[in-house]
Amino acid sequence: MRFLFLLGSSRHGGNTELLARRAADALPAGAEQRWLRLDEHPLSPFADIRHAGGDGRYPQPTGNEALLLTETLAATDLVIASPLYWYNVSAATKLYLDHWAGWLRIPHTDFRANMRGRTMWAVSAISDEDPAKADPLVASLRLSAEYLGMRWGGALLGYANRPGDILRDATALRAADTFFGQPALGDGPAHEPMPVASLGD
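Throughout this document, residue positions are counted from 1 along each chain, in the order its sequence is written. Local features are withheld for residues below a pLDDT of 70 in this predicted model, meaning they are given only at 70 or higher, and side-chain atom pairs are given and counted only at 80 or more; totals for whole chains, interfaces and linings count all residues. Excluding hydrogens and water, the side-chain values take into account all heavy atoms of the structure.

*Asks:* Help me out: how do you make sense of empty space enclosed by the protein in this one?
*Replies:* A 1.4 Å probe that fits but cannot get out identifies a cavity on a 1 Å grid over protein atoms alone, an open set with protein on both sides within 12 Å along at least five of seven lines counts as a pocket, and a residue lines either if it has an atom within 4 Å of a point. Grid points are joined across faces, edges and corners, and a volume is the space filled by probe spheres set on the points. Per the stated rule, a full pass over the model turns up 2 cavities of 30 Å³ or more. Lining the second largest cavity are Leu7, Gly8, Ser9, Arg11, Thr16, Glu17, Arg37 and Ala81. Here the nonpolar group is Ala, Val, Leu, Ile, Met, Phe, Trp, Tyr, Cys and Pro; Asp, Glu, Lys and Arg are the charged ones; every other residue, Gly included, is treated as polar. Within the lining of the second largest cavity, the residues separate by chemical class into 2 nonpolar, 3 polar and 3 charged.

So this is what it looks like as structure tokens:
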């Protein structure tokens, strides 16, 4: 197993990261972990060139984009750790996902085929005690996973407003300790209820 943790927050050591690291502590000893901060590997704005003439293929990526593509393809499990920003993932996380559209059209990469069967997980700290406020974030990631035929591991949510608040959410911390041990849903497009591992208390 190789878990890629993509940290989408602009804050180092924020509540979402703390919750993700708590969950990662419970991974089996043999599970490899790779942690990347998206703000430390910024991507250029995504350009949609599908209908700009030519064959619609995208060039081989370079720099940070090449690194993120390589690390994504090397992971068996992709963990999107993004705080809830305006009811969805952070801008850096969304831009990373936007680049998937280009990766699908890079010659000889076979991005869709290579991602099929891998597992996506979501971790997020939200500043509202109603976990339903995170439904758009969870749906966005689950549907993105389904589109590529990935398994959906679930969403680990915790309540946090100020720095460090997540450490006082006992429900979220308990859920984190078993989060990666739960079975993933589906293999490819599925429509099971979205599992939400915890909510703030």
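*Asks:* When you look at helix H5 (residues 135-147) in this model, what are you seeing that I'm missing?
*Replies:* Since the α-helix packs 3.6 residues into each turn, any two residues three or four apart lie on the same face. Numbered from the N terminus, helices here are DSSP runs of H or I no shorter than four residues, and strands are runs of E no shorter than two. One less than the number of residues in a helix, times 1.5 Å, gives the span that helix is expected to have. The terminal C-alpha atoms of H5, which comprises 13 residues, lie 18 Å apart, in line with the 18 Å expected from a rise of 1.5 Å per residue. In this analysis, two residues are considered to be in contact whenever any of their non-hydrogen atoms come within 4.5 Å of each other. Check the buried side of H5 and you find it contacts strand S3 (77-81), helix H3 (91-103), strand S4 (119-126) and strand S5 (151-159). Taken from the residues just after H5, glycine 149 is the one with a positive phi, measuring 75°.

*Asks:* Where do I start with unusual backbone geometry in this structure?
*Replies:* Among all residues save glycine, negative phi is the norm, and among peptide bonds the norm is trans. Of note in this structure, tryptophan 86 is not a glycine but carries a positive phi near 50°. Backbone geometry places tyrosine 87, a non-glycine residue, at a positive phi of 70°. Locating tyrosine 87 in the fold gives a position in the loop between S3 and H3.

*Asks:* How do you make sense of the side chain of serine 82 when you look at a structure like this?
*Replies:* One can find serine 82 in the loop between S3 and H3. Exposure classes here rest on a 1.4 Å probe applied to the protein chains alone. A residue is buried below 20% of its type maximum, exposed above 50%, and partly exposed in between. Judged by relative accessible area, which is 2%, serine 82 ranks as buried. Whenever two N or O atoms come within 3.5 Å, that pair is a polar contact, provided that in protein one can donate a hydrogen and the other can accept it, and provided that, for residues adjacent in sequence, both atoms are side-chain atoms. A distance of 2.9 Å separates a polar side-chain atom of serine 82 from the backbone nitrogen of serine 90.

*Asks:* Got a minute to help me understand the packing of aromatic side chains in this structure?
*Replies:* Geometry of an aromatic ring pair is reported as the spacing of the ring centres plus the angle between the planes. Here is the rule: rings of Phe, Tyr and Trp (six-membered ring for Trp) pair when centre to centre is within 6.5 Å. Planes less than 30 degrees apart are stacked, more than 60 are edge-to-face, and the remainder are tilted. All chains considered together, the criterion is met by 13 aromatic pairs. Taking 3.9 Å as the distance between ring centres and 5° as the angle between the ring planes, the aromatic pair formed by phenylalanine 5 and tryptophan 35 counts as stacked. On the criterion of sequence distance, the pair formed by phenylalanine 5 in strand S1 (residues 2-7) and tryptophan 35 in strand S2 (residues 32-37) is long-range, its members being 30 residues apart. Pair check on accessibility: phenylalanine 5 and tryptophan 35 agree, each one buried. Members of the aromatic cluster, connected to one another through ring pairs, are Phe3, Phe5, Trp35, Trp121, Phe179 and Phe180. Criterion for a charge above a ring: Lys NZ or Arg CZ within 6 Å of the ring centre, and within 35 degrees of the ring normal. Geometry around tryptophan 35 places arginine 21 over its ring, the cationic atom sitting 3.9 Å from the centre.

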